[in-house]
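Next come the chains, spelled out residue by residue.
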Amino acid sequence: MSKTLAIMIAGLFAASAFAQAPKGASSESSPIMNSKPQERAEARVDARPQGKVKAVGGDTLNTPEGGAIGTGKAAAAGQKREATRNAKHPNRKVNPQGGTPN
């Protein structure tokens, strides 16, 4: 019984080794490099002008002091809204910074 079980297990291992695809058969490991769309894409990449490398952004300050107000379109729109709100209510008491209003 144990010999039969051992032979069956060995046969399953041998069958599973032959059932696998040969090495390098996947499309990810060997992409098609000679198609017309691929050649057009390569030509488009080669035709781009070589320029300066862009600076990595995201963690740099937009203002010299590192202020909370940015310099983009959203910041300009916010400043404009604040100016129109202050123009509508010229005698409004302004809340002090960092505290709750009384």
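Analysis parameters
- Residues numbered from 1 in each chain as written.
- Predicted model: local features only at pLDDT ≥ 70, side-chain atom pairs only at ≥ 80, totals over all residues.
- Heavy atoms only, no water.
- Helix = DSSP H or I, 4+ residues; strand = E, 2+ residues; numbered from the N terminus.
- Buried < 20%, exposed > 50% of the residue type's maximum accessible area, 1.4 Å probe, protein only.
- Patch = residues over 30% accessible without salt bridge, like charges linked within 9 Å, V, L, I, M, F, W, Y side chains within 5 Å.
- Areas by Shrake-Rupley, 256 points an atom, 1.4 Å probe, with all protein chains shown as cover.
- Salt bridge = Lys/Arg side-chain N within 4 Å of Asp/Glu carboxyl O.

Across its full length, the chain carries three helices and zero strands. When the helices and strands of the chain are read in sequence order from the N terminus, they spell out α-α-α. Per-residue burial over the chain gives 1% buried out of 102 residues.

So, about a nonpolar patch on the surface. Taken together, Leu-5, Ile-9 and Phe-13 make up a surface patch of nonpolar side chains, about 330 Å² in accessible area. In this fold, Leu-5 is placed in helix α1 (residues 2-19).

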